[in-house]
Amino acid sequence: MPAVSVSHLNKVFRIPHEKRDTLFAALTGLVRPPTYESLYALRDVNFTVEEGEMFGIIGQNGSGKSTLLKILAGIMRPTSGTVETSKTVTPFLELGVGFQVDFTAVENIRVYGIIMGLSEREIEGKIDEILEFGGLEKFRDTKLKNFSTGMYVRLAFSTAIQTRPEILLLDEVLAVGDMEFQKKCLSILDKFKREGVTIIFVSHDLTSVRNHCSRTLLLAKGEQVMMGETREVVDRYEKGV
Amino acid sequence: MPGDHIRELYKYRQLIWTIAWGDFKWRYKNSILGYFWSLLEPLIMFIILYIVFSNLMKVQVEYYQLFLLLGIIMWNFFVKATNLGLNAIVGKPSLIQRVYFPRDVLVISGVITAMLQSLFESLVFIIFMIYFAIPMTWTLIYLPYILTIYFILALGVALAISALNVYYRDIQFIWIVVLQAGFFITPILYPLSIFPPSLQAIFRLNPIAQIIVTARDVILYSVPPYWVSLAYAGIASLVIFAVGYSIFRRLEPRFAEAM
């Protein structure tokens, strides 16, 4: 049984010509109905990801990669089509999701862990490890608003990698940061791969995709251009769609 | 509420509690007067209203101080719960757009935070009760029921306006007016008996009026409430909850896109 199977997935965004976000505007809309532009963010996308596979998604900006990830994560609902997942999906779309600047480091670790589905005991057991990994032992009870950007990123990263994902969705935003940070990210990715985690990897970094993904999906303007062996798909993308 | 959803919420109970408790603590840690401030706010309001209304209007109510204080604390719960609900979704765009969890978790936490604040404020009321030597009697057994339906009512309203506020940002301004009107049409400052019976009947349609009146009866006056009042308040709260919840469920799927 595949870890993720997507069939006939469509996502249409209805973009109003004129933004109406007040009750008053909605009421006047009864007299003069609003007009919309339909934008196909995804059109008839079909693929499956096998258990333990690392699957790549590539395409230019605006090709629908991020929308696809958000649908897989359950953050957005598809307009039509189905998405089935066999296990818990852990989205990793941004560092420091849900971090609140008025909470201390430890409090943020707790909230993050719970959002990611860890139990209280698991989280308590990992707090020290997380702080140590980020080199932040001294800032345990410091509020996040007093953190430097670097400290923030270290905390976010070390917290994120402590969750035990089953199906991991990885967006390119992880690729921000310096060389050392990127290297760290990739080494964690290898560790997850060895542990048999199913990974869906969205990236502009074609070298990483080539090195890590067995199969890849190429999207262009919301449509599925090609899916198959990573080498062939990336070659095609590099030649130009 | 479908069973599946209740099971899912149960899985997230820890998240609900962590957010609610964290928010509660944060509110007090962040002000200079700390916990004291949260007691001061209703106290100041109480003192002003007491001076004005006990003299100016010559309201003849037994234990008017406690009558008023209980009304204020209970009304404040509704104000806080709905105001926290109003911002529960629109105040956390980064969470809504980046990670999945049942969205009503945020609204439920907000109402629980309001409840914690109100319980804390009740300490002042309890001190007053001891000072005035109000007898505690068996009628208090009605209290858990009254507070439960009040919680359900507030949660229903909070769910509805939290979702509507995502799409219609002027809801928050409309809500200020609604709360202001609510303060005066709910028997907080006065007993319903100042009105002629026909008008009283209209005021009693407001379930919060029923809840506050019955709470005063059982806490202050050791009077068992009319079963009709209890039943009406209970049914009205459940209906409001059902409507609020269905509005939330309808609007929820597009939260991430609409923000």
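Thresholds applied
- Residues numbered from 1 in each chain as written.
- Chains lettered and ligands numbered in written order.
- Predicted model: local features only at pLDDT ≥ 70, side-chain atom pairs only at ≥ 80, totals over all residues.
- Heavy atoms only, no water.
- Helix = DSSP H or I, 4+ residues; strand = E, 2+ residues; numbered from the N terminus.
- Areas by Shrake-Rupley, 256 points an atom, 1.4 Å probe, with all protein chains shown as cover.
- Lys, Arg positive; Asp, Glu negative; His and termini not counted.
- Charge placed at Lys NZ, Arg CZ, Asp CG, Glu CD.
- Contact = heavy atoms within 4.5 Å.
- Buried area = accessible area lost by both parts, 1.4 Å probe.
- Salt bridge = Lys/Arg side-chain N within 4 Å of Asp/Glu carboxyl O.
- Nonpolar A, V, L, I, M, F, W, Y, C, P; charged D, E, K, R; others polar.
- Pairing = 2+ DSSP bridges.
- Phe/Tyr/Trp six-rings, centres within 6.5 Å; stacked < 30°, edge-to-face > 60°.
- Buried < 20%, exposed > 50% of the residue type's maximum accessible area, 1.4 Å probe, protein only.
- Lys NZ or Arg CZ within 6 Å of the ring centre and 35° of its normal.
- Expected span 1.5 Å × (residues − 1).

A. Quick peek at the overall build of chain A. Counting secondary structure elements, chain A contains eight helices and nine strands. Dimensions of chain A, computed from C-alpha atoms along their principal axes, come out at roughly 60 × 55 × 35 Å. Counting every atom, chain A has about 12,100 Å² of accessible surface; 51% of that belongs to carbon and sulfur. Between the averaged position of the 30 positive side-chain charges in chain A and that of its 32 negative side-chain charges there is a distance of 3 Å.

B. Fine view of the interface of chain B and chain A. Counting residues at the interface gives 30 residues for chain B, matched by 32 residues for chain A. Roughly 2,500 Å² of surface becomes buried between chain B and chain A when both sides are summed, with 59% attributable to carbon and sulfur atoms. The three residues of chain B that bury the most area against chain A are Gln 14, Arg 98 and Glu 257 of chain B, which together make up 25% of that side's buried surface. Connecting chain B to chain A are two salt bridges. Ionic pairing is found between Glu 107 of chain A and Lys 25 of chain B, a salt bridge with its closest N-O pair at 3.4 Å. Sorting the residues of the side of chain B that touches chain A by element identifies α2 (13-29), α5 (93-98), α8 (171-185) and α12 (255-258) of chain B as the ones contributing at least two each. In terms of residue count, α2 of chain B provides more of the side of chain B that touches chain A than any other element does, eight residues in total. Tallied by class, the residues present in the side of chain B that touches chain A amount to 14 nonpolar, six polar and ten charged.

C. Quick peek at the pattern of salt bridges. Inspection of every chain in the model, using the stated rule, returns 13 salt bridges over all chains. Note that Arg 140 of chain A is salt-bridged to Asp 128 of chain A, the shortest N-O span being 2.9 Å. With a gap of twelve residues between them, Arg 140 of chain A in the loop between α4 (120-133) and α5 (149-160) and Asp 128 of chain A in helix α4 connect regions that are remote in the sequence. Residues joined by salt bridges that share partners form a network here, namely Lys 11 of chain A together with Arg 254 and Glu 257 of chain B.

D. Representation of the pairing of strand β1 (residues 4-16) of chain A in the model. Residues and elements named next belong to chain A. Sheet topology places β1 next to strand β2 (residues 36-49); ten bridges connect them, and they run antiparallel. Bridged to Ile 15 within β2 is Glu 37. Bridging between β1 and strand β4 (residues 80-85) involves five bridges; their strand directions are antiparallel. Looking across to β4, one finds that Val 4 is bridged to Thr 85.

E. Main features of the environment of Leu 42 of chain A. Residues and elements named next belong to chain A. Along the chain, Leu 42 falls in strand β2. Note: C-alpha distance between Leu 42 and Pro 78 (36 residues apart in sequence) is 9.1 Å. Once residues within four sequence positions are removed from consideration, Leu 42 is found in contact with Leu 9, Asn 10, Lys 11, Gly 64, Thr 67, Leu 68, Ile 71, Leu 219 and Gly 222.

F. Quick peek at the packing of aromatic side chains. All told, the structure shown has 24 aromatic pairs over all chains when counted by the stated rule. Aromatic side chains Phe 241 of chain B and Tyr 245 of chain B sit 6.1 Å apart centroid to centroid with 15 degrees between the ring planes, which places their arrangement in the stacked category. Residue Phe 241 of chain B and its partner Tyr 245 of chain B are located together in helix α11 (residues 227-251), separated by four residues, close to a single helical turn. Considered together, Phe 241 of chain B and Tyr 245 of chain B belong to a single accessibility category, that of buried residues. Put simply, the rings of Phe 46, Tyr 50, Tyr 64, Phe 67, Phe 128, Tyr 131 and Phe 132 of chain B touch in pairs and so form one group of aromatic residues. Sitting over the face of the ring of Tyr 40 of chain A, Arg 43 of chain A holds its NZ or CZ atom 3.9 Å from the ring centroid. Positioned over the ring face of Tyr 10 of chain B is Arg 13 of chain B, at 4.1 Å from the centre of the ring.

G. Spatial organisation of α5 of chain A. With twelve residues, α5 of chain A extends 16 Å between its outermost C-alpha atoms, agreeing within 8% with the 16 Å of an ideal straight helix rising 1.5 Å per residue. Of the positions making up α5 of chain A, those classed as buried are Met 151, Leu 155, Ala 156, Phe 157, Ser 158, Thr 159 and Ala 160 of chain A.

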